[in-house]
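Here is how the chains run, residue by residue.
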Amino acid sequence: MVDSYVFRYMREEDIDQIVEVEHASFTTPWSREAFYNELYNNKFAVYIVLEEDNKIIGYCGTWLVIDEAHVTNVAILPEYRGRRLGEALMVKLMTVAKAKGARTMTLEVRVTNHRAQSLYRKLGFQNGGIRKNYYADNQEDGLVMWVNL
């Protein structure tokens, strides 16, 4: 049940656990330094963590530029997937972005990641185009998706 989890903004002491989630989720994970830079050097970045019993089990982030939110990452530890936690994270991120003045939100998702695409469509995202060879690990295309907040 999602009610037993805590959502909050990312802090520096979260970075090591976030990197663990990142490595468990992506073939080309971001580094610890990348998250540190997002936290301290990117004035557009907003990151939300999801925790259970003080353990970070997921996170997501966005860059808020003027009235647009660009989702950077969404990840849940593999053993917690299938519990609608990714959906809960996205809903929280959309709510935060809207409260901070975003009118639209966009993201890229692998063209083969149908599970994520289904979730995004459930949340109102629509296809916006293709970024050819977007993913560096295998040159897979990225599907651009948009939603009005």
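As shown above, the structure is provided for reference.
Residues numbered from 1 in each chain as written. Predicted model: local features only at pLDDT ≥ 70, side-chain atom pairs only at ≥ 80, totals over all residues. Heavy atoms only, no water.

Describe the overall build of the protein chain, and please don't skip the residues or the numbers.
Within the protein chain, the secondary structure is distributed over four helices and seven strands. Helices and strands in the protein chain line up, N terminus first, as β-α-α-β-β-β-α-β-α-β-β. Relative to its length of 149 residues, the protein chain is compact, with a C-alpha radius of gyration of 15 Å against a globular reference of 15 Å. Evaluated residue by residue, the protein chain yields a buried proportion of 45% over its 149 residues. Accessible area for the protein chain stands at about 8,200 Å²; split by element, carbon and sulfur atoms hold 49% of it. (Helix = DSSP H or I, 4+ residues; strand = E, 2+ residues; numbered from the N terminus. Rg over C-alpha atoms; globule rule 2.2 N^0.38 Å. Buried < 20%, exposed > 50% of the residue type's maximum accessible area, 1.4 Å probe, protein only. Areas by Shrake-Rupley, 256 points an atom, 1.4 Å probe, with all protein chains shown as cover.)

Tell me what's going on with a nonpolar patch on the surface, and back it up with residues and numbers.
Side chains of Phe 44, Trp 63, Val 65 and Ile 66 sit close together on the surface and give an oily, nonpolar patch of about 400 Å² of accessible area. Along the chain, Ile 66 turns up in the loop between β3 (55-65) and β4 (68-76). (Patch = residues over 30% accessible without salt bridge, like charges linked within 9 Å, V, L, I, M, F, W, Y side chains within 5 Å. Salt bridge = Lys/Arg side-chain N within 4 Å of Asp/Glu carboxyl O.)

An account of the environment of Leu 123 is needed here, citing residue identities and associated values.
Residue position: Leu 123 is located in the loop between α4 (114-122) and β6 (126-131). Judged by relative accessible area, Leu 123 falls into the buried class, the value being 16%. Not counting the four nearest positions on each side in its chain, Leu 123 is found in contact with Glu 87, Met 90, Val 91, Met 94 and Val 147. (Contact = heavy atoms within 4.5 Å.)

Which residues make up unusual backbone geometry, and what are the values?
Look at Asp 53: it is not a glycine, yet its phi comes out positive at around 50°. In this structure, Asp 53 sits in the loop between β2 (45-52) and β3. Phi is positive for Asn 133, close to 55°, though the residue is something other than glycine. Looking at the element boundaries, Asn 133 is found in the loop between β6 and β7 (142-148).

Let's hear about the pairing of β7: which residues, and what values?
Of all seven residues in β7, five are buried; the element is thus mostly enclosed. Relative to β7, strand β5 (residues 104-110) runs antiparallel, the two sharing seven bridges. Directly across from Met 105, in β7, lies its bridge partner Val 147. (Pairing = 2+ DSSP bridges.)

Please provide a residue-by-residue account of the packing of helix α1 (residues 15-25) against helix α2 (residues 32-41), values included.
With their axes 9 Å apart at the nearest point, α1 and α2 run at an angle of 125° to one another. For the element pair α1 / α2, the angle class is oblique. The hand of the α1/α2 crossing is right-handed. Mapping the contact onto sequence places Ile 15, Asp 16, Ile 18, Val 19 and Glu 22 in α1 and Arg 32, Phe 35, Tyr 36 and Leu 39 in α2. (Axes fitted to C-alpha atoms, helices over the stretch in contact; angles between N-to-C directions. Parallel < 35°, antiparallel > 145°, perpendicular 65-115°, else oblique. Left-handed = near helix turned anticlockwise from the far one by under 90°.)

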